[in-house]
Amino acid sequence: MIVKAQQIGKIYRNGPLRVEALRDLSLEIAEGEIIALMGPSGCGKTTLLNCLSGLDTIDAGDIYIRGDNLRDLSERERTNYRAQHMGFIFQDFNLLPVLSAIENVELPLLVTKVPRKQARQRAMEMLATVGLSARARHRPAELSGGQRQRVTIARALVNNPDLVWADEPTGNLDSETAGEIMDLLLQLNHERHQTFVIVTHAQEIGMLAHRVIHMRDGKITFL
Ligand code: ADP
Ligand code: ADP
């Protein structure tokens, strides 16, 4: 199992207010799976993604990534682990507006100290994989929504991560473009055997995923 969560709990505390966002939740994700995480707004999908990826901490239970308990890693070790083994795709793109597509894509490589020339070459290959070679010099504002999301995906995957977390990756896109993005994720999963966990409201993504996990009120529900 690449990811294993055992009876995890997460509580947000804002002064006297407590929100139990995850309750006694357990799940296992096998290597190479594409999981769609679905459920009503506020049920805890984003929280689960943040906790499983180690971006946020849990209040109860254990999370294991490839057998390593996240609890045993320091903040710094978790950050390094994410940089080396995980990719993140968010809905609002998070691209740096002053950088071109190619510069955005090579950023994670430069951060992990890949030499400049090699980084440029790998970023170009990754842009080609997502079908955007012709737009390498364009800034995000000069690209369509679907093109921007392809840049985001290229940036998330350029380090060849084992595990990719995506939060509403097609949320801002029309259904045709969303279908193209999902086809791209399926192709990458097939070629590289990467594991994808995708938070989504889109039925078409749920239908294409290997497995759908439904959530409600901080728990997994079984239909
Ligand atoms: P989803 O992604 O399914 O829409 P979230 O994981 O974002 O759900 O939220 C789960 C619950 O936790 C919701 O009730 C939400 O209001 C609450 N929540 C999320 N983030 C915070 C936060 N930073 N502080 C307090 N409550 C939060
Ligand atoms: P979603 O994951 O559904 O796309 P968000 O993660 O932005 O949306 O927020 C999910 C829910 O968490 C919303 O209901 C929002 O009001 C709530 N939320 C997010 N951050 C906070 C916070 N800091 N304090 C309280 N509630 C929050």
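Being a predicted model, the structure only gives us computed values, none of them experimental. (Residues numbered from 1 in each chain as written. Chains lettered and ligands numbered in written order. Predicted model: local features only at pLDDT ≥ 70, side-chain atom pairs only at ≥ 80, totals over all residues. Heavy atoms only, no water.)

Describe in detail the confidence of the model for the protein, supporting the description with residues and values.
Summarising the model, the protein shows a mean pLDDT of 92, and 99% of its residues fall at 70 or more. For this predicted complex, the interface confidence comes out at an ipTM of 0.72, alongside a pTM of 0.85. (pLDDT = per-residue confidence, 0-100.)

Tell me what's going on with the site of ligand 2, and back it up with residues and numbers.
The local shell around ligand 2 consists of Asn 14, Ser 41 and Thr 46. Interatomic distance of 2.6 Å between a side-chain N/O atom of Thr 46 and an oxygen atom of ligand 2. If ligand 2 stood free it would expose 550 Å²; the protein chains cover 24% of that surface. (Near = heavy atom within 4 Å. Polar contact = N/O pair within 3.5 Å; in protein donor to acceptor, adjacent residues only side chain to side chain. Areas by Shrake-Rupley, 256 points an atom, 1.4 Å probe, with all protein chains shown as cover.)

Could you give me a rundown of the pattern of salt bridges, with the residues and numbers involved?
Taken as a whole, this structure holds 11 salt bridges when the rule is applied. Across the pair Arg 13 and Asp 59 runs a salt bridge, and its minimum N-O distance is 4.0 Å. Here Arg 13, found in strand E1 (residues 3–14), pairs with Asp 59, found in the loop between helix H1 (45–52) and strand E4 (60–65); they are 46 residues apart in sequence, far enough to count as distant. The exposure class assigned to Asp 59 is partly exposed, which follows from its relative accessible area of 40%. Close ionic contact of Arg 78 with Glu 75 constitutes a salt bridge, the shortest N to O distance being 3.9 Å. Of the two residues, Arg 78 and Glu 75 are both situated in helix H2 (residues 75–85); the distance of 3 residues between them amounts to about one turn of the helix. Ionic contacts of the salt-bridge type, sharing partners, join the residues Glu 31, Arg 66 and Asp 162 into one network. (Salt bridge = Lys/Arg side-chain N within 4 Å of Asp/Glu carboxyl O. Helix = DSSP H or I, 4+ residues; strand = E, 2+ residues; numbered from the N terminus. Buried < 20%, exposed > 50% of the residue type's maximum accessible area, 1.4 Å probe, protein only.)

So what's going on with the packing of helix H3 (residues 101–111) against helix H4 (residues 116–129)? Which residues, and what values?
One way to put it is that H3 packs onto H4 with a least axis distance of 8 Å and a crossing angle of 125°. When the axes of H3 and H4 are compared, the pair comes out oblique. The two elements H3 and H4 meet at a crossing, and its hand is right-handed. Every residue of H4 that contacts H3 at Ala 101, Ile 102, Glu 103, Val 105, Glu 106, Leu 109 and Leu 110 is listed here: Arg 116, Ala 119, Arg 120, Arg 122, Ala 123, Met 124, Met 126 and Leu 127. (Axes fitted to C-alpha atoms, helices over the stretch in contact; angles between N-to-C directions. Parallel < 35°, antiparallel > 145°, perpendicular 65-115°, else oblique. Left-handed = near helix turned anticlockwise from the far one by under 90°. Contact = heavy atoms within 4.5 Å.)

Give a detailed account of the site of ligand 1, specifying residues and quantitative values.
The environment of ligand 1 is made up of Tyr 12, Asn 14, Val 19, Ala 21, Pro 40, Ser 41, Gly 42, Cys 43, Gly 44, Lys 45, Thr 46 and Thr 47. Between ligand 1 and the protein, one listed contact pairs an oxygen atom with a backbone N or O atom of Gly 44 at 3.0 Å. A distance of 2.8 Å separates an oxygen atom of ligand 1 from a polar backbone atom of Thr 46. Those elements that provide at least two residues to the shell around ligand 1 are E1, strand E2 (17–29) and H1. A per-element tally of the shell around ligand 1 places H1 first, with 3 residues. Considered class by class, the residues forming the shell around ligand 1 number 5 nonpolar, 6 polar and 1 charged. (Nonpolar A, V, L, I, M, F, W, Y, C, P; charged D, E, K, R; others polar.)

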